[in-house]
Amino acid sequence: MAHLLVVESWVGSMSRLLPRAIREGGHEFTFLTRDLHHYLRSAPEGAAHPLLGARNVITADTNDTEALLPQVERLHAVLGFDGVLTSCDYYLPTVALTAARLGLPGPPPEAVGNACRKDATRRVLADAGVPGPRFAVHEEWSRIAAAAREIGYPLVVKPVDLCAGMFVRRVDDEEQLASCVAALAGFPVNARGQRRAPAVLLEELLDGPEVSVETVSHAGAVQVVGVTDKSVGGAPAFIETGHMFPAALPAGDAEAAEQTALGALKALGLTDGVVAHTEIKLTSAGPRVVEVNPRPAGNRITELIRHVTGVDLAAAFVDVSLGRAPDLRRTDTGLRSAAIGFLVPGTAGTLEALDAGAVRTAPDVLEVQLAEPGRQVKAAGSNNEYLGHVMAGDPDGTGARARVESLLDEVRSGLVIR
């Protein structure tokens, strides 16, 4: 039995999947957080709270790394940790620094730090010759505007240190650019109380579909688990509306995406102790890296993979965080593809009705989760405003996405927001 230190977490699916994987692996964990109430406010329905499975729950200022590291050293001397991990993007650099400080397995802190800063990722990949969009990073408006004119409209505006698509926008002219920059300036602190960098990232707008390459790195070797497709909506935002695994791609396109992701991981130095989710645009000029995320995929992509292949990426994450070889052997699950579609609100108001009806018991349905009526709703601007999802599988081929879209249409017919 190993003892893991979990530093913060998301409150979505990974908050349940990761503790489950730790428990099913025969291990235990201590949970470290600056705000326990953040998790108590988001208790999952119909299941025991995942923190009830923790050996210890300890409060510390996880946003003050300089003060945190000596405190974790003292905890380690008493409790004895075998690995440290997090599912929350904002604490991945802290975890990497903690593992290095305690002499525990993990990727290099510099590699994780570069992957978690979109501007640093762009610079590292550009220096290594890994293909990506033309880009610029500036703080002052005059330089931002000049760089935008040089790249050319339309383009994409991004914060360098947020996730879930927050404040990522397509802009078609300088007026829209100014509005986006002002909105970013009005959000100086992220959802976890960390002060944000004022830099603004501008990127060339890439054509083509987007996919993600899911990989596991251990002992210098990176193994591709597969390629997931992505549908995007909510323009001018870039909201993920659904995914399917495996992506229905020609073999050459899938191989090109995989090789591009492997090149990005190698350039960043993420070849040990990492489960990664690398987003790739399949443009008319070839694959281009969108982002490299040094943690398991969100939006239940890990569950799509498990339903199709039997591979549990949450368990693999636990294994590599302990310095152990992950079990990536595939099993016959009876499914050839699995997909998820999200219910994305287009208007603000109060959710008056949302009923799955017969969808929950429809053939091939794997999951249905919907928000309860009475909830206050705002028009979605990121991946944080979903009203629920439907997941379904296809035992015969790559028809899971079409099946999910059909099921979502049924759910939408009963959606009322006023």
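Just so we're clear, the structure is a prediction, and the values are computed from it rather than from any experiment.

## Regarding the overall build of the protein
Move 1: Scanning the protein for helices and strands turns up 12 helices and 19 strands.
Move 2: The C-alpha atoms of the protein give a radius of gyration of 21 Å, which matches the 22 Å a tight globule of 418 residues would have.
Move 3: The C-alpha extent of the protein, read off along each of the three principal axes, is 55 × 55 × 45 Å.
Move 4: When burial is assessed residue by residue, the protein has 55% of its 418 residues classed as buried.
Move 5: Within the protein, residue pairs in contact and separated by at least 24 positions form 70% of the contacts whose partners lie at least 6 positions apart.
Move 6: In the structure as shown, the protein presents an accessible area of about 17,400 Å², 50% of it carried by carbon and sulfur atoms.
Move 7: Where the 39 positive side-chain charges of the protein centre and where its 51 negative ones centre are 2 Å apart.

## As for the side chain of Glu-8
Move 1: By secondary structure assignment, the location of Glu-8 is in the loop between β1 (3-7) and α1 (14-24).
Move 2: For Glu-8, a relative accessible area of 2% translates into the label buried.
Move 3: Side chain to side chain, Glu-8 and Thr-33 meet in a polar contact 2.9 Å long.
Move 4: Here the side chain of Glu-8 touches Arg-34 through a polar contact of 2.9 Å, landing on its backbone nitrogen.

## Observations concerning unusual backbone geometry
Move 1: Residue Pro-154 follows Tyr-153 across a cis peptide bond; omega there is -5°.
Move 2: Going from Ala-235 to Pro-236, the amide bond is cis rather than trans, its omega being 10°.
Move 3: Inspection of the secondary structure puts Pro-236 in the loop between β10 (221-233) and β11 (239-245).
Move 4: For Glu-8, which is not glycine, the phi torsion reads 60° and is therefore positive.

## Some words on the environment of Leu-366
Move 1: Following the sequence through the fold, Leu-366 ends up in strand β16 (residues 365-370).
Move 2: Its relative accessible area of 30% is what places Leu-366 among the partly exposed residues.
Move 3: Separated by 63 residues in sequence, Leu-366 and Glu-303 have C-alpha atoms that sit 10.0 Å apart.
Move 4: With residues near it in sequence (within four places) discarded, Leu-366 still touches His-307, Leu-335, Ala-338, Met-391, Ala-392 and Gly-393.

## Section: the domain arrangement of the protein
Move 1: Domain boundaries assigned for the protein yield domain 1 (2-104), domain 2 (134-204), domain 3 (208-333) and domain 4 (336-417).
Move 2: Across the contact, 4 residues belong to domain 2 and 4 residues belong to domain 4.
Move 3: Buried area between domain 2 and domain 4, both sides added, is near 290 Å², and the carbon and sulfur share of it is 43%.
Move 4: Our count for the domain 2 to domain 4 interface comes out at 0 salt bridges.
Move 5: At the boundary of domain 2 and domain 4, one finds 2 residue pairs in polar contact (both at pLDDT 80 or more).
Move 6: Residue composition of the side of domain 2 that touches domain 4, grouped by class: 2 nonpolar, 1 polar and 1 charged.

## A short note on the packing of aromatic side chains
Move 1: What the rule picks out here adds up to 4 aromatic pairs.
Move 2: For the ring pair Phe-167 and Phe-187, a centre distance of 5.0 Å and an interplane angle of 40° mean the geometry is tilted. Here Phe-187 lies in the loop between α8 (174-185) and β8 (200-204) and Phe-167 lies in the loop between β6 (155-159) and β7 (169-171), a separation of 20 residues in the sequence.
Move 3: Phe-187 sits in the partly exposed class, given a relative accessible area of 21%.
Move 4: The interplanar angle of 10° and the centroid separation of 4.2 Å between the aromatic rings of Phe-342 and Tyr-386 together place this pair among those described as stacked. Taken together, the residues span a long stretch of sequence, with Phe-342 in strand β14 (residues 337-342) and Tyr-386 in the loop between β17 (376-377) and β18 (388-394) at a distance of 44 residues.

The rules behind each value
- Residues numbered from 1 in each chain as written.
- Predicted model: local features only at pLDDT ≥ 70, side-chain atom pairs only at ≥ 80, totals over all residues.
- Heavy atoms only, no water.
- Helix = DSSP H or I, 4+ residues; strand = E, 2+ residues; numbered from the N terminus.
- Rg over C-alpha atoms; globule rule 2.2 N^0.38 Å.
- Buried < 20%, exposed > 50% of the residue type's maximum accessible area, 1.4 Å probe, protein only.
- Contact = heavy atoms within 4.5 Å.
- Areas by Shrake-Rupley, 256 points an atom, 1.4 Å probe, with all protein chains shown as cover.
- Lys, Arg positive; Asp, Glu negative; His and termini not counted.
- Charge placed at Lys NZ, Arg CZ, Asp CG, Glu CD.
- Polar contact = N/O pair within 3.5 Å; in protein donor to acceptor, adjacent residues only side chain to side chain.
- Domains from an automatic or database assignment.
- Buried area = accessible area lost by both parts, 1.4 Å probe.
- Salt bridge = Lys/Arg side-chain N within 4 Å of Asp/Glu carboxyl O.
- Nonpolar A, V, L, I, M, F, W, Y, C, P; charged D, E, K, R; others polar.
- Phe/Tyr/Trp six-rings, centres within 6.5 Å; stacked < 30°, edge-to-face > 60°.

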